[in-house]
Amino acid sequence: MSGTLSYPIAEVPPSGVRHRVADGVYWLRFPLPFALDHINLWLLEDNGGWTVVDTGLGVRPSQKIWKGLLAEQLDGKPLTRVIVTHYHPDHLGLAGWLEQETGAEVWISRGEWALANVICDSPEVDTIERLRGFLGGHGLSGDDLDKVAGKGNGFRRVVQPLPSAPGFLSAGDVITINGDDWAVHVGCGHSPEHVCLYRDRDHLLISGDQVLPTISSNLNVRAAEPDADPVTDFVDSLKALRDKLPDDTLVLPAHGLPFRGLRARVDALALHHDEQLDRVQAACRERPQSAFDMLPVLFDRKLDVQQLMFAMGESIAHLNCLMQQGRVQREQVEGIWRFRG
Ligand SMILES: [Zn+2]
């Protein structure tokens, strides 16, 4: 999958220690209590203060790391600005807390902000019922359905509090940070309006989860948008990004190592999803299949509860994409959607 990527910065910083990767740009790594066990944040020198891109999960261990950073790693200069690439809790989680602790301004896109608010405001019981109906209708059942739907609205437990009054970023905006222009590029598919930042003077891209070096960003279909096609959204927006930026761009991703080889990576991701679509369509030609039936076709590993939820979303995403392309049709049999190729 990695094509011809190169990884020019091999030294991974320990948690809570900043590591310089470019002029005025530092890498911070925070732990995550998941199979994906870390997130990268990017700390930028900013006119006597600091801007940080993404914040870490809203849990006490991350707050503790931030307290150490604020006390010892910022050269006595204030954190003045927090930029959030997208609404997922490992990125947005501590933005509101940092706003309260430091007085920093928070910036995010409107689409990400709207979705974060919708999820935060969803009553727990509605979330569980809606998830049960949606995932049950795609073939998840028994213990698996109880466990996945029973997780309910975990978002609010790890995004505490939401920022109070963020500023909004849009595609085409240019942000000045320490005298440098950073262009806002927006992607979708992994989330509705994902912000990436690009500095042209040294070809630097802070990519969030939109482009990752070794794993494919999760493409999820939410119960509130059951017919969404995030695969097409994701691949189209990646190709647009690839066509705008030079191939020697140093990509600073939210997970994994900084890398060069944006073109190879985007092409590999597009190919990966094409192959997944082909595999799912071939299975649907053999006999009608549910999204749950497609899990072993798409994933060759055992899935924990969190991964099962992501995997169901990914499976529905690929089936919805095939529907949009007219390559499968669906019918509901005994309350479960079955797709035929
Ligand atoms: Zn994400």
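Notes on the structure in this doc start here. (Residues numbered from 1 in each chain as written. Predicted model: local features only at pLDDT ≥ 70, side-chain atom pairs only at ≥ 80, totals over all residues. Heavy atoms only, no water.)

### Remarks on the nonpolar core
Right, on to step 1. In terms of nonpolar packing, the biggest core is built from 43 residues, with Leu135, Leu140, Leu205, Val280 and Leu319 touching the most fellow members.
Right, on to step 2. Put simply, the parts of the chain that give this core at least two residues each are α5 (124-136), α6 (142-150), β10 (194-199), α8 (230-244), α9 (262-286), α10 (295-298) and α11 (305-324).
Right, on to step 3. Broken down by element, this core gets its largest block of residues, eight residues, from α11.
Right, on to step 4. Each residue touching Val280, except ones within four places of it in the same chain, is listed here: Met294, Val297, Leu298, Leu319 and Leu322.
Right, on to step 5. Tyr26, Trp50, Val82 and Ala116 belong to the second-largest nonpolar core, a separate cluster that totals 35 residues. (Core = buried A, V, L, I, M, F, W, Y, C linked by side-chain atoms within 4.5 Å. Buried < 20%, exposed > 50% of the residue type's maximum accessible area, 1.4 Å probe, protein only. Helix = DSSP H or I, 4+ residues; strand = E, 2+ residues; numbered from the N terminus. Contact = heavy atoms within 4.5 Å.)

### Quick word on the packing of α8 against α11
Each pair of packed helices can be summarised by the angle the axes make with each other and by the distance between the axes.
Right, on to step 1. The N-to-C vectors of α8 and α11 enclose an angle of 85°; their axes lie 7 Å apart at closest approach. Of the possible angle classes, the one that applies to α8 and α11 is roughly perpendicular. Within the contact between the two elements, α8 uses Pro230, Val231 and Thr232 and α11 uses Ala317, His318 and Cys321.
Right, on to step 2. Residues belonging to the contact of α8 with α11 are distributed by class as follows: four nonpolar, two polar and no charged. (Axes fitted to C-alpha atoms, helices over the stretch in contact; angles between N-to-C directions. Parallel < 35°, antiparallel > 145°, perpendicular 65-115°, else oblique. Nonpolar A, V, L, I, M, F, W, Y, C, P; charged D, E, K, R; others polar.)

### Some details on the coordination of the zinc ion
Right, on to step 1. Every protein donor of the zinc ion is listed here as His86 (NE2), His88 (ND1), His190 (NE2) and Asp209 (OD), and their distances to the metal cover 2.1 to 2.2 Å.
Right, on to step 2. Relative to the metal, the four donor atoms surrounding the zinc ion lie at angles of 90 to 170°, and the coordination shape comes out irregular. (Donors = N, O, S within 2.8 Å, 3.2 Å for Na, K, Ca; no water. Tetrahedral: all angles 85-135°; square planar, octahedral: opposite > 155°, others 65-115°.)

### Some words on the environment of Leu57
Right, on to step 1. With respect to the helices and strands, Leu57 occurs in the loop between β4 (49-53) and α1 (60-72).
Right, on to step 2. The spacing of Leu57 and Gly93 is 36 residues in sequence and 4.5 Å in space, taken between C-alpha atoms.
Right, on to step 3. Not counting residues within four places of it along the chain, the set of residues in contact with Leu57 comprises Leu32, Pro33, Phe34, Ser62, Pro89, Asp90, Gly93, Leu94 and Val158.

### What about the packing of aromatic side chains?
Right, on to step 1. Under the counting rule described, the total for this entry stands at four aromatic pairs.
Right, on to step 2. With 5.7 Å between their ring centres and 55° between their planes, Phe30 and Trp66 make a pair best called tilted. One end of the pair, Phe30, is in strand β2 (residues 25-31); the other, Trp66, is in helix α1, with 36 residues separating them in the sequence. A single burial state applies to Phe30 and to Trp66, both of which are buried.
Right, on to step 3. The lysine or arginine in question, Arg18, covers the ring of Tyr26, its NZ or CZ lying 4.6 Å from the ring centre. (Phe/Tyr/Trp six-rings, centres within 6.5 Å; stacked < 30°, edge-to-face > 60°. Lys NZ or Arg CZ within 6 Å of the ring centre and 35° of its normal.)

The values are spatial; any link to function lies outside them.
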